[in-house]
Amino acid sequence: MGVTVNPTVSRRRLGAELRRLRENCGLTTQQVAERLLISQPKISLLENGRRLAKPRDVRDLCGLYGVQDQRRVDHLMQLARESGQQGWWNFYGDIPYGAYIGLEAEAAAIRLYEPLVIPGLLQTPAYVRAVIAGTMPHVTPEQAAARLQVRLRRQDRLKAPRNPMRLWAVLDESALRRVVGSREVMRKQLDHLTHLSAQPHITLQVLPHDVGAHPGVSGQFSLLEFADATDASVVYLERFTSDLYLEKRSDARLYSDIYAHLQAQALGPDSTRRLIDEVVAAYAGPG
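Residues numbered from 1 in each chain as written. Predicted model: local features only at pLDDT ≥ 70, side-chain atom pairs only at ≥ 80, totals over all residues. Heavy atoms only, no water.

Hey, could you go over the overall build of the protein for me, with residue numbers and the actual values?
The helix and strand inventory of the protein stands at 13 helices and 6 strands. Seen through its principal axes, the protein has C-alpha atoms that stretch 70 × 40 × 35 Å. Across the 287 residues that make up the protein, the buried fraction comes to 46%. Here the analysis covers contacts within the protein between residues at least 6 apart in sequence; of these, 74% occur between residues at least 24 apart. Surface accessibility of the protein: about 14800 Å² in total, with carbon and sulfur atoms responsible for 52%. Of the charged side chains in the protein, 37 are positive and 31 negative; the average position of the first set lies 3 Å away from that of the second. (Helix = DSSP H or I, 4+ residues; strand = E, 2+ residues; numbered from the N terminus. Buried < 20%, exposed > 50% of the residue type's maximum accessible area, 1.4 Å probe, protein only. Contact = heavy atoms within 4.5 Å. Areas by Shrake-Rupley, 256 points an atom, 1.4 Å probe, with all protein chains shown as cover. Lys, Arg positive; Asp, Glu negative; His and termini not counted. Charge placed at Lys NZ, Arg CZ, Asp CG, Glu CD.)

Have a look at this one:
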């Protein structure tokens, strides 16, 4: 069920290359659209990696941009072919956040803030089931099972024996105290968090309630960074209907600054583990 390429990343890289070629020619997206007799939104979507580029699109754009190096044309055509492949998540049916999974699968490091629940990369199977049941009551049992498998498979990036993803997670204290599933589910989930936080590539901090107002009150976000210097960082904002992906350098810098403030206000890793132990003990006691 695996694939050798990541179509989401191939699409982003192709879009970035096409944007650079256009800008080097001093053309606007509207001018390109007029010359090729296509819509301006199509050019924008191709450059943003939001639309699948066909090899013919790449050929026409390279011709307009005067690309003479056939090796470069061949490389871009190959990216177009790769971007049309399916990622492993596609084999599980209609997964609404497939674009994010593709980015996450390629990320070298993720910094995330979660105010309400334990992040998906750190969830136990029982916790995942309870989250799905509580937040997606409309899904069928088959769809729920598929989402469970996808979420657990995403966690393989943290278990890779060589070069695992670097994860830094700041959680609001509410995520520890919100009973998802049952007190027993929460006790085991928090034990799992303690185990994971001992891994050298995982850093966990909790933002206690007594901090008060802080830069993360507006909601969850993730900042994904990539090993390839040509891949721009991405800020991911999860929403009910349409998720947001911010790729401007200014947006990445803003959210990086916000995250630095959250890290500074949160408990350190050792104090975080002590707080988790206290909450675990409370869950183990009488309800």
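Okay, back to it.
Outline the state of the cysteines, supporting the account with residue identities and numerical values.
Disulfide: a covalent bond formed between the sulfur atoms of two cysteine residues. The full count for this structure, using the stated rule, is 0 disulfides. Of all cysteine sulfurs in the structure, the one in C62 sits closest to C25, which takes part in no disulfide; the separation is 10 Å. Of the residues examined, C25 reaches a relative accessible area of 35% and is grouped as partly exposed. Of the residues examined, C62 reaches a relative accessible area of 3% and is grouped as buried. (Disulfide = S-S within 2.5 Å.)

Could you give an account of the pattern of salt bridges, naming the residues involved and the relevant values?
Evaluated as defined, the whole model comprises 19 salt bridges. Residue E17 is joined to R72 by a salt bridge in which the shortest nitrogen-to-oxygen separation is 3.1 Å. Linking E17 in helix α1 (residues 7-24) with R72 in helix α5 (residues 70-83), this pair joins segments that are 55 residues apart in sequence. Judged by relative accessible area, which is 17%, E17 ranks as buried. With a closest N to O distance of 3.6 Å, R71 and D69 form a salt bridge. Given a relative accessible area of 35%, D69 falls into the partly exposed group. (Salt bridge = Lys/Arg side-chain N within 4 Å of Asp/Glu carboxyl O.)

Residue-level account of helix α13 (residues 269-284), with values.
The terminal C-alpha atoms of α13, which comprises 16 residues, lie 22 Å apart, in line with the 22 Å expected from a rise of 1.5 Å per residue. Burial in α13 covers these residues: T272, L275, I276, V279, V280 and Y283. Buried residues of α13 fall within an arc of 145° about the axis and therefore sit on the same side. In α13, the exposed positions that point more than 90 degrees away from the buried face belong to R274, E278, A281 and A284. (Expected span 1.5 Å × (residues − 1). Arc of directions from axis to C-beta.)

Any chance you could break down the sheet that holds strand β3 (residues 202-207) for me, citing the residues and the numbers?
The strand order across the open sheet formed by 6 strands is β3-β2-β1-β4-β5-β6, and the pairing between neighbours is mixed. The open sheet has two free edges, formed respectively by β3 and β6 (244-246), since each of these has just one partner strand. Neighbouring strand axes in the sheet, compared pairwise and without regard to direction, differ in orientation by 15° on average. Where strand β1 (residues 109-114) lies against strand β2 (residues 166-172), 6 bridges are found, and the strand directions are parallel. Across the sheet, residue L112 finds its bridge partner in β2, namely A169. (Pairing = 2+ DSSP bridges. Axes fitted to C-alpha atoms, helices over the stretch in contact; angles between N-to-C directions.)

Got a sec to walk through the nonpolar core? Specific residues and values, please.
I110, I118, L176, L190 and L193 are the most contacted members of the largest nonpolar core, which has 43 residues in total. Those residues in contact with L176 that sit more than four places away from it in its chain are I118, L171, M186, L190, L193, V206, L275, I276, V279 and Y283. Within the second largest apolar cluster, 19 residues are counted, among which are L14, I43, V73 and A80. (Core = buried A, V, L, I, M, F, W, Y, C linked by side-chain atoms within 4.5 Å.)

So what's going on with the side chain of Q189? Which residues, and what values?
Note on placement: Q189 falls in helix α11 (residues 183-197). For Q189, a relative accessible area of 0% puts it in the buried group. Reaching out from Q189, the side chain makes a polar contact with the backbone oxygen of L122 at a distance of 2.9 Å. In this view, Q189 contacts I118, L122, Q123, T124 and Y127; residues no more than four positions away in its chain are not counted. (Polar contact = N/O pair within 3.5 Å; in protein donor to acceptor, adjacent residues only side chain to side chain.)

A description of the environment of G102 should follow, citing residues and the corresponding values.
Tracing the backbone shows G102 in helix α6 (residues 98-106). Residues G102 and W88 lie 14 residues apart in sequence; the distance between their C-alpha atoms is 9.0 Å. With residues near it in sequence (within four places) discarded, G102 still touches N6, T8, V9 and W89.

Provide a residue-level description of the packing of helix α4 (residues 55-64) against α5, including the pertinent values.
Pairs of packed helices are described in terms of their axes, by the angle between the two and the distance that separates them. At their nearest, the axes of α4 and α5 sit 8 Å apart, and the two run at 150° to each other. What the angle tells us is that α4 and α5 run roughly antiparallel. Along this stretch, α4 crosses α5, giving a crossing that reads as right-handed. From α4, P55, V58, R59 and C62 reach across to α5, where they touch V73, L76, M77, A80 and R81. For the contact of α4 with α5, the class distribution of residues is 7 nonpolar, no polar and 2 charged. (Parallel < 35°, antiparallel > 145°, perpendicular 65-115°, else oblique. Left-handed = near helix turned anticlockwise from the far one by under 90°. Nonpolar A, V, L, I, M, F, W, Y, C, P; charged D, E, K, R; others polar.)

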